[in-house]
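Here's the letter readout for the chains.
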Amino acid sequence: MSESIVRFVDAGDAPVFVLSDEERAEILHEVAHYPDPRAASIEALKIIQKHRGWVSDDAIVVAAPLLGISAAELEGVATFYSLIFRRPVGRHVIKVCDSISCHLTGYEALRDALIERLGIGYGQTTHDGRFTLLPICCLGACDRGACLLIDDDLHGPLTPEQVADALEPYR
Amino acid sequence: MSVRGARDPEYRRPLTRLIDRAVGPLDRAGYEAENGYGALRDVIARLEPPALQALIKDSNLRGRGGAGFPTGVKWGLIPLGPDAGTKYLICNADEMEPGTFKDRLLMEQAPHQLIEAMAIAGWALQATSGYIFLRGEYVVAAERLNRAIGEARAAGYVGKNVLGSPWSFELRVHTGAGRYICGEETALINSLEGRRANPRAKPPFPQIAGAWGRPTIVNNVETLCNLPHIVLNGVDWYKGLRAPGSNDSGTKLYGCSGRAAKPGCWELPIGTTAREILEVHAGGMKDGRKLKAWLPGGGSTDFLLPQHLDLAMDYETIQKAGSRLGTGMMTVVADDQSIVSAVRNLEEFFARESCGLCTPCRDGLPWSVKLLRALERGEGRHDDIELLGKLTRWLGPGMTFCLHAPGAMEPLQSALKHFRAEFEAGVAPQAQPQPRAVGAGLPAMQR
């Protein structure tokens, strides 16, 4: 309640959220590929996320009309899919596979090593904004378990001892 | 007619014969040099859609995504004829079944094969557009497929007037953003349309009213990749690829992961025994451990035991043994690993990935997780095992909107059957029977 009042009062000074020309063009390019513009919803959210790191409430409000749906509908889509971030994340996102094959090859030790090294738990970001840690379901790389993604890069098999070296290139 | 593949002179591994990971995928010219797109030329020149559908039905090709439904029968429900209008072909490339990593190989290493296969299926159905619904994490596959589609479009294999025929077929890659439930075909259609991936009620079946209300076929990557080879070499050759004694046709991409010495994915005759997959191809168990239990084809299949290793890995045989072939990608558990812990891990997965649409699934799966975590810590109550048994029925087939929860119950019910003593060991010694108030057992959402 108090939060919404504050936002209302501050609205006059707050910068108005606008999509960049590039974001807008990329979204409209995707919209053209489908019989119904809303089919580009997920792609639109991914485009915004690619440019800004995450998808804010303001971005939802601005993007929804491009897709011919209400902000509430786009919000419903954004909150459903696990690869769409609704909060700011670090410069690099670590996604640890926690499915059965990685469970059997020791992902829990890998996860614990990450938690200890980074000093954060799942869903949290390091103070320097470098890493966010998340779990993810089976990465389809079970022959390389225990595995994880750092941004789009697959790493595995990884032991807890190899964690430091794996993180090193991601500044 | 027969075609000889350069890298597999015997041509017994049609789907992977051109794959050499050290070299990477063939580009269009390289694929064409191996008679790539020859099958597409064939069908457009000589095989009318009904005849092609009949050929695939005769081949007894069954869906490789997990359900094993005959592809020709699925196709048979799609309306044909000049008035049929807009129709969609969707490739289910949302590979997310725990323990499964076969479609990734086919898409990363042989993208043109999938594109040719989709064009052939598109022709059989007279589809107007195709979408490859690709999971968001498969960025390498997305890049290679998009490049290959560009090459194929430039050569007239997809796009307007395919190979000069009156038929046009647009093909696009659509990438997802996570969530296992997108692999369920009606949830996948909702996701493609830009909605939450909740499953849809059936009927109407997608063949009648699917994407954007139009007739739609959803086929798995591996299923589709069989098509060019059946067209080029015929039904008899295709059936002859199977292992002796199997009633299924063709080859299968099998795999083995978990505590295997050399986990991997191999194309083998369908009906190859699980023992051959584990002991010959995967090098047996790691660290000299003994096999305790195995999932034949993903997290939603029932556990089998070492005594089942000599069974043929085909649809009928594995079903008769009380499980499902699923994706055919085995996961092996070693004798020093806890089944309760493995099942807890599986149910955590299914609980997190439930779409939340129907109550038994949304609330029942976290409940099973809560019980399993207690048993794993040795803090189970005396009636927890009985309660888990009830959950396998309350979340079983017919009790939920889709097959997500029934699938989740398969490893649980089989673990309870085969390893009951391990669950009993998790009951706290001092746990006494306690009356339970109505509703008191309802769980908070996990975490």
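Up top is the structure.
Every value quoted in this text rests on a predicted model; they were computed, and no experiment measured them.

S.K.: Would you mind going over the overall build of chain B in detail, with residue names and values included?
M.R.: A tally of regular secondary structure across chain B gives 17 helices and 8 strands. Relative to its length of 447 residues, chain B is compact, with a C-alpha radius of gyration of 23 Å against a globular reference of 22 Å. Across chain B, the fraction of contacts at a sequence separation of at least 24, relative to all contacts at a separation of at least 6, is 71%.

S.K.: Give me the lowdown on the sheet that holds strand 4 (residues 153-155) of chain A, citing residues and values where you can.
M.R.: Strand pairs in the sheet, formed through backbone hydrogen bonds, run parallel or antiparallel to each other. All names here are of chain A. Overall, mixed pairing links the 4 strands, which are arranged 2-1-3-4 in an open sheet. The two strands at the open ends of the sheet, each matched to only one other strand, are strand 2 (131-136) and strand 4. Across the sheet, the axes of successive neighbouring strands diverge by a mean angle of 25°, strand direction being ignored. Strands in contact with helix 7 (residues 107-118) are strand 1 (92-97) and strand 2; relative to strand 1, the strand with the most contacts, it is inclined by about 155°.

S.K.: Outline the packing of helix 6 (residues 111-125) of chain B against helix 10 (residues 227-239) of chain B, listing residues and values.
M.R.: Residues and elements named next belong to chain B. It is at 8 Å that the axes of helix 6 and helix 10 come closest, and there the two elements cross at 70°. In terms of their interaxial angle, helix 6 and helix 10 are classed as roughly perpendicular. Touching Gln113, Glu116, Ala117, Ile120 and Ala121 of helix 6 are Leu227, Pro228 and Val231, all from helix 10. For the contact of helix 6 with helix 10, the per-class residue count stands at 6 nonpolar, 1 polar and 1 charged.

S.K.: Talk me through the interface of chain A and chain B; I want residue IDs and the actual numbers.
M.R.: Of the residues lining the interface, 33 residues belong to chain A; the matching set on chain B comes to 39 residues. Secondary-structure elements contributing two or more residues to the side of chain A that touches chain B are helix 3 (41-52), helix 5 (71-80) and helix 6 (100-104) of chain A. Among the residues forming the side of chain A that touches chain B, the class breakdown is 18 nonpolar, 10 polar and 5 charged.

S.K.: Give a detailed account of the packing of helix 2 (residues 38-46) of chain B against helix 10 of chain B, specifying residues and quantitative values.
M.R.: Residue and element names in this part refer to chain B. In the contact formed by helix 2 and helix 10, the axes pass within 9 Å of each other and the chain directions differ by 65°. Judged on the interaxial angle alone, helix 10 and helix 2 are roughly perpendicular. In the crossing of helix 2 with helix 10, the sense of the turn from one axis to the other is left-handed. Each of Gly38, Ala39, Asp42 and Val43 in helix 2 lies in contact with helix 10, whose residues at this interface are Pro228, Val231 and Leu232. Among the residues forming the contact of helix 2 with helix 10, the class breakdown is 5 nonpolar, 1 polar and 1 charged.

S.K.: Just give me the short version of unusual backbone geometry, but keep the residues and values in it.
M.R.: All names here are of chain B. Geometrically, the link from Lys202 to Pro203 is a cis peptide bond, its omega value of -5° lying close to zero. On the secondary structure map, Pro203 appears in the loop between helix 8 (185-192) and strand 4 (216-220). Backbone torsion omega between Pro203 and Pro204 reads 5°, so that peptide bond is classified as cis. Positioned with a positive phi, Gln126 is a non-glycine residue whose angle comes to about 55°. As for its position among the elements, Gln126 is in the loop between helix 6 and strand 2 (129-134). Classification of Gln126 by C-beta neighbours within 10 Å gives buried; the count is 20. The backbone of Trp212 shows a phi angle near 50°, a positive value even though the residue is not glycine. By the element assignment, Trp212 lies in the loop between helix 8 and strand 4.

Here is what the cut-offs are and how they apply
Residues numbered from 1 in each chain as written. Chains lettered and ligands numbered in written order. Predicted model: local features only at pLDDT ≥ 70, side-chain atom pairs only at ≥ 80, totals over all residues. Helix = DSSP H or I, 4+ residues; strand = E, 2+ residues; numbered from the N terminus. Rg over C-alpha atoms; globule rule 2.2 N^0.38 Å. Contact = placed C-beta atoms within 7 Å. Pairing = 2+ DSSP bridges. Axes fitted to C-alpha atoms, helices over the stretch in contact; angles between N-to-C directions. Parallel < 35°, antiparallel > 145°, perpendicular 65-115°, else oblique. Nonpolar A, V, L, I, M, F, W, Y, C, P; charged D, E, K, R; others polar. Left-handed = near helix turned anticlockwise from the far one by under 90°. Buried ≥ 20, exposed ≤ 12 C-beta atoms within 10 Å, placed from the backbone.

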